[in-house]
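Results of the structural survey
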Amino acid sequence: MRLYSPDRNALQALRNSGIEVILGVPNDHLHWVASDQRNAHEWVQGNVIDYSNVNFRFISVGNGITPFHSQNARFAQFLLPAMQNIRNALSAFGLQNRIRVSTAIDQSEVLSQSFPPSSGNFRPEVRQFIQPIIQFLVKNGNTPLLVNFHPYFSYIHNKQDIPLQINKGKGNRDARLDYALMRSSDMLVQDAWLRYTNAFDAMVDSVHSAMEKVGGNSLDIVVSEVGWPAAGGPAASNQNAATHNSNLIRHVRNSGTPKRPKKRIETYIFSMFDEDRKSEENLRHWGIFWNNKQAKYRINF
């Protein structure tokens, strides 16, 4: 389970459950955590040590931060110092080898190019920001980078991850949608000797390629967000959400990507419940469950 911030009720419920948890340090806490090592120590004490019987796997320091994004650019300067301070606090409690410190980035925000996947590259204005973070992860035991992927938005906004030319010669069938929903077994994109049947693999490998260009060859990726909405926009339906998420589960349990075929991908589906207070309609319906805890569609984990 991924929690984007320390929620007392959720953490209480997770005690002794055995469920592995990614716990987030919210963006608006980064300045405080980065400004003083004592603050980071206090954060870890109150949200990790006080829940010692919760099975924490990662601390994700910040979410979706980039140095140019209008909503979160102001947090960028604090991200790496906050990661370092959280890591130091965990070390002080002897947890540095049990709980790993990373951050979650958005693939669509940080890459200047993602197609073909081997051409994946960080934006010039991101490179200076991300390279020290990559070095921090490498130095600290090759901790994976957490990455949020959104094939749905790539599909509806005609982004390069799901090329328009996929539909050429495919008759009336929407091959781009098949590619996005992971329901095609045909090779729809070829990148040198690598063959792609779905957008998920291509998007993950585009970040692998970008990381290799800034010294992150040894790092794995944890998919910290991926999903499909059941309502609220084009191609958003219970059927498509069930198809995408079921195919995703089957895929990541059994194989890696064409670039790293033997490396299974730790993946977190976004999201468990709908978020009905989101400002945009197509952001409100990504839950696998209704808010009354009933499943929207049949799914087998």
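Preceding this paragraph is the structure being described.
Model, not experiment: these values are computed from the prediction.

Moving on: the overall build of the protein chain. Along the backbone of the protein chain there are 10 helices and 11 strands. The globule rule puts the C-alpha radius of gyration for 301 residues at 19 Å, and the 19 Å found for the protein chain is close to it. Principal axes of the C-alpha set define a box for the protein chain whose edges measure 60 × 45 × 35 Å. Within the protein chain, buried positions represent 52% of all 301 residues. Taking the contacts inside the protein chain whose residues are at least 6 apart along the sequence as the reference set, 63% of them involve residues at least 24 apart. Per element, the accessible surface of the protein chain, about 14000 Å² overall, is 45% carbon and sulfur.

Turning our eyes to something else, we now look at unusual backbone geometry. Here the amide bond leading from Phe 115 into Pro 116 is cis, since omega sits at -10°, within 30 degrees of zero. Note on placement: Pro 116 falls in the loop between strand 5 (111-113) and strand 6 (121-122). Along the chain, Phe 270 connects to Ser 271 via a cis peptide bond; the corresponding omega equals 5°. Note on placement: Ser 271 falls in the segment after strand 11 (267-269). Even without being a glycine, Ala 192 presents a positive backbone phi close to 55°.

All right, on to a nonpolar patch on the surface then. A cluster of nonpolar side chains, namely Met 1, Ile 19, Met 272 and Phe 273, defines an oily patch on the protein surface of about 310 Å² accessible area. Tracing the backbone through its elements, the reader meets Phe 273 in the segment after strand 11.

For the rest of this paragraph, the subject is the nonpolar core. Formed by 88 residues in total, the largest nonpolar core has its most connected members in Ile 59, Val 61, Ile 86 and Phe 122. Residue contributions to this core peak at 9 residues, all from helix 4 (residues 76-92). Counting 6 residues, the second largest nonpolar core, distinct from the first, contains Ile 22, Phe 58, Ala 104 and Leu 146.

Moving on, we get to the packing of helix 4 against helix 6 (residues 124-139). Close contact between helix 4 and helix 6 brings their axes to 10 Å; oriented N to C, the two are set at 10°. In this view, helix 4 runs roughly parallel relative to helix 6, as classed from their interaxial angle. On the side of helix 4, the interface is formed by Ala 76, Leu 79, Leu 80, Met 83, Gln 84 and Arg 87, while helix 6 contributes Phe 129, Pro 132, Ile 133, Phe 136 and Leu 137.

Turning our attention to helix 3 (residues 37-47). For helix 3, the set of buried residues is Asn 39, Ala 40, Trp 43, Val 44, Gly 46 and Asn 47. Residues of helix 3 that are buried sit in contact with helix 1 (8-14), strand 2 (20-25), helix 2 (30-35), strand 3 (55-63) and helix 4.

Another aspect to go through is the pairing of strand 4 (residues 100-106). Every other side chain in a regular strand lies on the same face of the sheet, so the side chains alternate between the two faces. Across the 7 residues that make up strand 4, a large majority, 6, are buried. At this point the chain moves from strand 3, through helix 4, to the parallel strand 4, and the crossover so formed is right-handed. Pairing of strand 4 with strand 7 (residues 145-148) involves 3 bridges; the strand directions are parallel. Among the inter-strand pairings, Asp 106 is bridged to a residue of strand 7, identified as Asn 148.

The next point concerns the sheet that holds strand 3. Taken in spatial order, the 7 strands make up an open sheet running 1-2-3-4-7-10-11, and their pairing is parallel. Of all strands in the sheet, those with a lone pairing partner are strand 1 (2-3) and strand 11, marking the two edges. The pairing of strand 1 with strand 2 spans 2 bridges and is parallel. Of the residues in strand 2, the one forming a bridge with Leu 3 is Leu 23.

Glancing now at the side chain of Lys 296. By the element assignment, Lys 296 lies in the segment after strand 11. Not counting chain neighbours up to four residues away, the residues in contact with Lys 296 comprise Ala 230, Asn 238, Asp 274, His 285, Trp 286, Gly 287, Ile 288, Phe 289 and Trp 290.

To continue, consider helix 6. Structural remark: α-helix, 3.6 residues per turn; residues separated by three or four positions point the same way. Helix length check: helix 6, at 16 residues, gives a terminal C-alpha distance of 23 Å against a target of 22 Å (1.5 Å per residue), a fit within 8%. Of all bends in helix 6, the biggest is about 35°, found at Ile 130, and the proline Pro 132 comes one to four residues later. Looking at helix 6, one finds that the buried residues are Val 126, Phe 129, Ile 130, Ile 133, Ile 134, Phe 136 and Leu 137. Looking at the buried positions of helix 6, the neighbouring elements they touch are helix 4, strand 4, helix 5 (107-110), strand 6, strand 7 and helix 9 (199-212). A positive backbone phi angle near 75° is found at Gly 141, which sits one or two residues after helix 6.

Thresholds, definitions, all that
Residues numbered from 1 in each chain as written. Predicted model: local features only at pLDDT ≥ 70, side-chain atom pairs only at ≥ 80, totals over all residues. Heavy atoms only, no water. Helix = DSSP H or I, 4+ residues; strand = E, 2+ residues; numbered from the N terminus. Rg over C-alpha atoms; globule rule 2.2 N^0.38 Å. Buried < 20%, exposed > 50% of the residue type's maximum accessible area, 1.4 Å probe, protein only. Contact = heavy atoms within 4.5 Å. Areas by Shrake-Rupley, 256 points an atom, 1.4 Å probe, with all protein chains shown as cover. Patch = residues over 30% accessible without salt bridge, like charges linked within 9 Å, V, L, I, M, F, W, Y side chains within 5 Å. Salt bridge = Lys/Arg side-chain N within 4 Å of Asp/Glu carboxyl O. Core = buried A, V, L, I, M, F, W, Y, C linked by side-chain atoms within 4.5 Å. Axes fitted to C-alpha atoms, helices over the stretch in contact; angles between N-to-C directions. Parallel < 35°, antiparallel > 145°, perpendicular 65-115°, else oblique. Right-handed = clockwise from strand over helix to strand, strands pointing away. Pairing = 2+ DSSP bridges. Expected span 1.5 Å × (residues − 1). Bend = angle between axes of the 7 residues up to and from the residue.

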